[in-house]
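Here is what each chain is made of, one letter per residue.
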Amino acid sequence: MMNFFKSFPFHLKSAGVSLIRHFVMTLSASSAVMITCILLSAFLMIVGNVNGFADNIEGDIRIHVVLNDTIQEEEQIAQSKNEIEQISGVLEAEFSSKDNELKLWIEEKGEIFSIYEGEDNPLNHAFFVSVNDSERIETITNQIKELEMVDDAMYGGDSITDLISLLNTVRFGIVIFMALLGLLAVFLISNTIKMAIYSRNNEIMIMRNVGATNLFIKIPFMIEGMIIGMIGAIIPCILTFFGYRYLFMAMNGQLFTNVFALQPIWPFTFEIMCILMIGGALVGLLGALISTTKYLHWRR
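Keep in mind it's a predicted model, so treat the numbers as computed, not measured.

A. Summary view of the packing of helix H7 (residues 201–209) against helix H8 (residues 214–250). The N-to-C vectors of H7 and H8 enclose an angle of 150°; their axes lie 9 Å apart at closest approach. Taken together, H7 and H8 sit at an angle that is classed as roughly antiparallel. Judged by the twist between their axes, the crossing of H7 over H8 is right-handed. Between H7 and H8, the contacting residues are Ile204, Met207 and Arg208 on the first element and Asn214, Phe216, Ile217 and Phe221 on the second. The class makeup of the residues in the contact of H7 with H8 is 5 nonpolar, 1 polar and 1 charged.

Dropping the structure here:
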């Protein structure tokens, strides 16, 4: 370990000299990484906000459980709450009195229904039931309907579950596409490092003849690959912050409604910038490691 730290300045200098000496190839590889990181940033912003949309929708999905008109006493209501919450997947059952139900009905349908306030209220007591897995909401709704004290239970129908399924599909597709972008960047950096290795063929042979280990030979190229990756990530980081900031301000922080609220500028953009810098460095490191390992194995 001490030898590594002692030789690190030499490796860093070698990597810097190689980057300058092969400036055109460095610029080409960094440009390729930059384009990849820009696309990666765009997809990270999309998937981050899609996750937020999905969480908001799932958080707002609740089953509206209407009790029988025979359920009036506090003891009956407490027992009904207990039976509902015992169903697997139910997170919480929030009580809504028939007066509150009428109030919600008036807000939704109009003031004309205010004539039913007081003793003429025809509605029943109800619960708003939250679940811990939105994909099971239909099954849970059917189980609640089977309870004796329940008159009806509804959650919004197939449109809600279809929307959640669509968002999950979008998230999965974006993750796959980002993985493919990462592989492309590794390939591009790998080829760039390979060109640098071939141009330093004599230097590598001399190092091997004087007893340098494979790791000692690899380190400058690995540092070079990391620097290329990080250089390529700088401009995408800048574009990420200012681009998302402009988009957030222009759309007033939401897409259509509060349900589709955009992720806050901070720390969302900071997290993406960290991913881009770390991802660029790792991709560069991996590309360099692949190239040097193949070359040194072939020249053994």
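Alright, that's what it looks like, and here's the rest.
B. Broad picture of helix H5 (residues 137–145). If you check which residues of H5 are buried, you get Ile137, Ile140, Thr141 and Ile144. On an axial view of H5, the arc spanned by its buried residues comes to 100°, and they lie on one face.

C. Expanded view of the pattern of salt bridges. Tallying each qualifying case throughout the model produces 3 salt bridges. Glutamate 85 is paired through a salt bridge with lysine 81; the nearest N and O atoms lie 3.1 Å apart. Taken as a pair, glutamate 85 and lysine 81 lie in helix H3 (residues 74–85) at a separation of 4 residues, close to a single helical turn. Accessibility expressed as a relative area gives 30% for lysine 81, which makes it partly exposed.

D. Structural detail: the packing of aromatic side chains. Per the stated rule, a full pass over the model turns up 7 aromatic pairs. Ring geometry for phenylalanine 43 versus phenylalanine 177: centroids 4.7 Å apart, planes at 45°, classification tilted. A residue pair is termed long-range when its members are at least 10 positions apart, and phenylalanine 43 in helix H2 (residues 23–60) and phenylalanine 177 in helix H6 (residues 158–199) qualify at 134 residues. Relative accessible area serves as the criterion here: at 21%, phenylalanine 43 is assigned to the partly exposed category.

E. Quick peek at the sheet that holds strand S3 (residues 126–131). Pairing is antiparallel across the open sheet formed by 4 strands, whose spatial order is S2-S3-S1-S4. Two strands in the sheet have a free side with no partner beyond their single neighbour: strand S2 (90–96) and strand S4 (150–154). The sheet shows a mean angle of 25° between the axes of neighbouring strands, direction not considered. Where strand S1 (residues 62–67) and S4 come together, 4 bridges link them in antiparallel fashion. What sits directly across from histidine 64, in S4, is methionine 154. Docked against the sheet, H3 engages S1, S2 and S3, running at close to 155° with respect to S2.

F. The arrangement of unusual backbone geometry in detail. Cis peptide bonds are those with omega within 30 degrees of zero, and the linkage from tryptophan 266 to proline 267 qualifies with 15°. Relative to the assigned elements, proline 267 resides in helix H9 (residues 265–298).

G. Here's a closer look at the environment of asparagine 49. Along the chain, the position of asparagine 49 falls in helix H2. Distance from asparagine 49 to leucine 255, taken between C-alpha atoms, is 10.0 Å for residues 206 residues apart in sequence. Those residues in contact with asparagine 49 that lie beyond four places of it in its chain are Tyr244, Ala261, Leu262, Gln263 and Phe268. Reaching out from asparagine 49, the side chain makes a polar contact with the backbone nitrogen of glutamine 263 at a distance of 2.8 Å.

Reading the values: the criteria
Residues numbered from 1 in each chain as written. Predicted model: local features only at pLDDT ≥ 70, side-chain atom pairs only at ≥ 80, totals over all residues. Heavy atoms only, no water. Axes fitted to C-alpha atoms, helices over the stretch in contact; angles between N-to-C directions. Helix = DSSP H or I, 4+ residues; strand = E, 2+ residues; numbered from the N terminus. Parallel < 35°, antiparallel > 145°, perpendicular 65-115°, else oblique. Left-handed = near helix turned anticlockwise from the far one by under 90°. Contact = heavy atoms within 4.5 Å. Nonpolar A, V, L, I, M, F, W, Y, C, P; charged D, E, K, R; others polar. Buried < 20%, exposed > 50% of the residue type's maximum accessible area, 1.4 Å probe, protein only. Arc of directions from axis to C-beta. Salt bridge = Lys/Arg side-chain N within 4 Å of Asp/Glu carboxyl O. Phe/Tyr/Trp six-rings, centres within 6.5 Å; stacked < 30°, edge-to-face > 60°. Pairing = 2+ DSSP bridges. Polar contact = N/O pair within 3.5 Å; in protein donor to acceptor, adjacent residues only side chain to side chain.

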